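So the chains spell out like this:
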Amino acid sequence: MSKYRLLFEKLDTACYISHLDLMRTFQRLFLRGGMFIKHSKGFHPHPVMSIVLPLPVGQSSCCELLDFEIESDIDTKALPEILNAGCPEGLRVLEAYEMQHPVRDLAFVAADMELLYDNGVKEGTIDALKELFERSEVVIQKRTKRKTLADVNLIPLIHEIAFTEGEGSVLAKVVVCAQNPGLNPALIATAIEKELPELKPDFITVHRTGVLDAEGQPFR
């Protein structure tokens, strides 16, 4: 039995589908397509299916990955069309293929951020943001898996960051660590609010553009 991986996008209103609801959605999509996901053994069997790096609610992505095992042979070229027939708006499968690399090889996440300012971008904002993230240490409090707060230095977790000014906004291209530990790009805005409160954005958007291996190549 082969292990497979889906590449899919999550855009627009689909950004607000929670992780658990997204898993249920895919389970139903496979069933509607006449395919049966392998289940675990025991008293409470569950589908052998996982999203490689769950996306925070409210963020969009064009590079989400879902791993699964299936009971029968499948045509990976035809699978996206079969699943997309039942997908809700904003959710679309782009590709299906046999798994190439284990999840432990996933190293970085690339994302585009937009920091929106209702009253426009203040003069000197870009320079101030560049200076902030050139520091050796920018510490914020981050909630752990145990729901407690811990101090975290963001700088070692940011692989690349670049700022440009947009129309009433600052655009940021970032590459951050994916795991062990990983960094939610939205925490970059948290750091700005803490260190430069006068430059706190009124709203932010995050769009995941790539998942990368340690060499910076697309992770598939």
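So, here's what we can say about the structure. In this text the structure is predicted, and so the values were computed from the model without any measurement. All residue numbers refer to positions counted from 1 along the written sequence of the respective chain. This being a predicted model, a pLDDT of at least 70 is required before a residue's local features are given, and a value of 80 or more before pairs of side-chain atoms are given or counted; all residues contribute to the totals for chains, interfaces and linings. Only hydrogens and water are removed before side-chain values are computed, so all heavy atoms of the structure are retained for them.

Overview of the environment of Arg208
Link 1 in the chain: Within the fold, Arg208 resides in strand 10 (residues 203–212).
Link 2 in the chain: Judged by its relative accessible area of 8%, Arg208 falls in the buried class.
Link 3 in the chain: Considered as a pair, Arg208 and Glu64 are 144 residues apart in the sequence and their alpha carbons are 8.5 Å apart.
Link 4 in the chain: It only takes one pair of heavy atoms within 4.5 Å for two residues to be counted as in contact. Discounting chain neighbours no more than four positions away, the residues touching Arg208 are Leu53, Pro54, Leu55, Pro56, Ser60, Ser61, Cys62, Cys63, Glu64, Val109, Ala110 and Ala111.
Link 5 in the chain: Here a polar contact is recorded for every N or O atom pair within 3.5 Å, except that within protein the pair must consist of a potential hydrogen donor and a potential acceptor, and residues adjacent in sequence are included only if both atoms are side-chain atoms. At a separation of 2.9 Å, a polar atom in the side chain of Arg208 contacts the main-chain carbonyl oxygen of Leu53. The helix count covers DSSP runs of H or I at least four residues long, the strand count covers runs of E at least two residues long, and both are numbered beginning at the N terminus. Exposure classes here rest on a 1.4 Å probe applied to the protein chains alone. A residue is buried below 20% of its type maximum, exposed above 50%, and partly exposed in between.

A short note on the nonpolar core
Link 1 in the chain: The biggest cluster of nonpolar side chains holds 47 residues, and the ones touching the most others in it are Phe133, Val170 and Ile192.
Link 2 in the chain: Those elements giving two or more residues to this core turn out to be strand 3 (60–69), strand 5 (108–116), helix 3 (125–132), strand 8 (158–165), strand 9 (169–177), helix 4 (186–195) and strand 10.
Link 3 in the chain: For Val170, the contacting residues outside a window of four places in its chain are Met113, Glu114, Leu115, Tyr117, Val121, Thr125, Ile126, Leu129, Phe163 and Thr164.
Link 4 in the chain: Counting residues in each nonpolar core, the second largest holds 24 residues, with Met35, Leu66, Phe68 and Ala96 among its members. Residues belong to a common nonpolar core when they are buried Ala, Val, Leu, Ile, Met, Phe, Trp, Tyr or Cys residues joined through side-chain atoms within 4.5 Å.

Description of the packing of aromatic side chains
Link 1 in the chain: Think of it this way: a Phe, Tyr or Trp ring, Trp meaning its six-membered ring, pairs with another when their centres are within 6.5 Å, and the plane angle makes it stacked under 30 degrees, edge-to-face over 60, tilted otherwise. Applying the stated criterion to the full structure yields 4 aromatic pairs.
Link 2 in the chain: Both rings, one in Phe30 and one in Phe68, keep their centres 4.9 Å apart while their planes meet at 50°; by these two values the pair is tilted. Residue Phe30 is found in helix 1 (residues 19–32), and its partner Phe68 is found in strand 3; the two are separated by 38 residues along the sequence.
Link 3 in the chain: By relative accessible area, which is 2% here, Phe68 ends up buried.

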